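What the coordinates show
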Amino acid sequence: MATSSKKKVAYFYDPEVGNYHYGPGHPMKPHRLAVTHSLVLNYSLQKHMTVFKPPVATTQDITRFHNEEYIDFLQKVTPHNIQTFSKSLSHFNVGNDCPVFDGLYDFCARYTGASLQAASKLNSGSCDIAVNWAGGLHHAKKSEASGFCYVNDIVIAILELLKHHQRILYIDIDIHHGDGVQEAFYMTDRVMTVSFHKYGQNFFPGTGDMYEIGAGPGKYYSINVPLKEGMDDLGYSMIFCPVIQDVIQFYQPSCVVLQCGADSLASDRLGTFSLSIKGHGRCVEFVKDLNLPLLVLGGGGYTVRNVARCWTYETSLLAGVDLNPSLPYNEYLEYFGPDFSLHPEVEPRHENANSPEYLAGLVEQMHALLKMVAHAPSVQMSDVPAAADAEEWTEEDSEKEHQAEF
């Protein structure tokens, strides 16, 4: 593992993934991925990374976590036959926030294939950092869609990483609680989930209270940091850095998965935080500097121009490249006016309800919780299947991962 600022970065991009459309007026716009990629290319960041066109995930890959009946439904339903699936729509929570659109399952298989290949490249040691901005769809559950997410690529990628890593740390800086990932690993100590999110005032998804700490063998391995609206750069670093330092000290993971939802930025269409792109990026840099194998994923983010700026900037941080703050010419340049800057001025729309006292109290409470991890029995490393057998998901492997699959 490289310890200098220059690490081996693998970047995954499927040129089709930005062409899907959730429907008119829907806040989730896969087009943001094409805009991000255009900025990455026009800044010449591809010269500092290995770029992969990922394979599409198979049904077998996806049903490592998801229920077969649910995936069969996603494969069959289309806008043209939707009337014949009325019972299934409500059963699988598809229809409103999670609409049926042309190519729905193909979209899911593409972003999931990228996250899965990224995990495989980390397992083989062929890169230090793997990046898939199309991934990070953290709300999807085993048998239902939720919050614009249908297939949980994060859980599937973590199941792959668990073949080679004893303890995996999942960090989520999306403004929404990473509920689908937490739920999947709630009863295991092989994965610690740490989510920083807005909580309260009926904010979606309504979970993520600090007292959701895991259960059974996973007790104390779910960490939730509930924040209030208006969170700014200073407050975020006051809580993020000490909590993650404690997590590393007490849990000692050998691999990190970082979900970089950009809806925690100021001026997001759905978010109510006030982070700048540099403030969001500081979290990414902090995690990079832990010098552990790192899988970086996207997530939420509903103001397209800012999502593209943010993930391009974070790609540069991961690749160890300084960028000119004036955006290069690109086919979407008109999106970025009037300033055409990588770092637009932050205009807070919400007063910061997170007082220094509130944040200091949270850090103390998280520290007390994490001290419990030191007293929990440590897991024994199971035999790892050979890399050559990675495609095979045997009964023995399933047994090892049984806790993670709830």
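Data block above holds the structure.
Computed from a predicted structure; not experimentally measured. (Residues numbered from 1 in each chain as written. Predicted model: local features only at pLDDT ≥ 70, side-chain atom pairs only at ≥ 80, totals over all residues. Heavy atoms only, no water.)

On a plain count of helices and strands, the protein comes out with 12 helices and eight strands. Across its three principal axes, the protein shows a C-alpha extent of roughly 55 × 55 × 45 Å. Among the 406 residues that make up the protein, the fraction classed as buried is 59%. Counting only contacts in the protein whose residues sit at least 6 apart along the sequence, the fraction spanning at least 24 positions is 80%. Working note: accessible area of the protein is about 16,000 Å², and carbon and sulfur atoms make up 51% of it. Taken together, the 29 basic and 48 acidic charged side chains of the protein have centroids lying 3 Å from each other. (Helix = DSSP H or I, 4+ residues; strand = E, 2+ residues; numbered from the N terminus. Buried < 20%, exposed > 50% of the residue type's maximum accessible area, 1.4 Å probe, protein only. Contact = heavy atoms within 4.5 Å. Areas by Shrake-Rupley, 256 points an atom, 1.4 Å probe, with all protein chains shown as cover. Lys, Arg positive; Asp, Glu negative; His and termini not counted. Charge placed at Lys NZ, Arg CZ, Asp CG, Glu CD.)

Turning to the pattern of salt bridges, a few remarks are in order. By the definition in use, this model includes eight salt bridges. Two residues, arginine 110 and aspartate 106, come together in a salt bridge whose shortest N-O distance is 2.9 Å. On the criterion of helical spacing, the pair formed by arginine 110 and aspartate 106 is a turn pair, its members being four residues apart in helix α5 (residues 104-124). With relative accessibility at 17%, the residue arginine 110 sits in the buried group. Lysine 163 serves as the salt-bridge partner of glutamate 160, at 3.3 Å between the closest nitrogen and oxygen. Both residues of the pair, glutamate 160 and lysine 163, count as buried. Through salt bridges that share partners, Asp14, Asp106 and Arg110 make up one connected network. (Salt bridge = Lys/Arg side-chain N within 4 Å of Asp/Glu carboxyl O.)

Two elements in contact, helix α9 (residues 277-288) and helix α10 (residues 304-319), have axes whose closest approach is 9 Å; the angle formed by their N-to-C orientations is 30°. Classed by the angle they form, the pair α9 and α10 counts as roughly parallel. Pair α9 / α10 crosses with right-handed handedness. Across from Ile277, Lys278, His280, Gly281, Val284, Glu285 and Lys288 in α9, the residues of α10 making contact are Asn306, Arg309, Cys310, Tyr313, Glu314, Leu317 and Leu318. For the contact of α9 with α10, the class distribution of residues is six nonpolar, three polar and five charged. (Axes fitted to C-alpha atoms, helices over the stretch in contact; angles between N-to-C directions. Parallel < 35°, antiparallel > 145°, perpendicular 65-115°, else oblique. Left-handed = near helix turned anticlockwise from the far one by under 90°. Nonpolar A, V, L, I, M, F, W, Y, C, P; charged D, E, K, R; others polar.)

Here the focus is α9. For α9, built from 12 residues, the straight-helix expectation of 16 Å at 1.5 Å per residue is met to within 8% by its first-to-last C-alpha distance of 16 Å. Of all the residues in α9, the buried ones are Ile277, Gly279, His280, Gly281, Cys283, Val284, Phe286, Val287 and Lys288. The inward-facing, buried residues of α9 contact β3 (129-132), β4 (168-172), α8 (233-251), β7 (255-259), β8 (294-297) and α10. (Expected span 1.5 Å × (residues − 1).)

Quick look at the sheet that holds strand β6 (residues 222-227) now. Spatial ordering of the open sheet is given by β2-β1-β3-β8-β7-β4-β5-β6, a layout of eight strands whose pairing is parallel. Single-partner strands in this sheet number two, and they are β2 (50-52) and β6. Across the sheet, the mean angle separating the axes of adjacent strands is 15° when strand polarity is ignored. Pairing analysis gives four bridges linking β7 to β8, with the strands arranged parallel. Bridge pairing in β8 places valine 257 opposite leucine 295. Seen against the sheet, α5 touches β1 (9-12), β2, β3 and β8 and runs at an angle of roughly 180° to β3. Across the sheet, α10 touches β1, β3 and β8, and the angle it forms with β1 is around 155°. (Pairing = 2+ DSSP bridges.)

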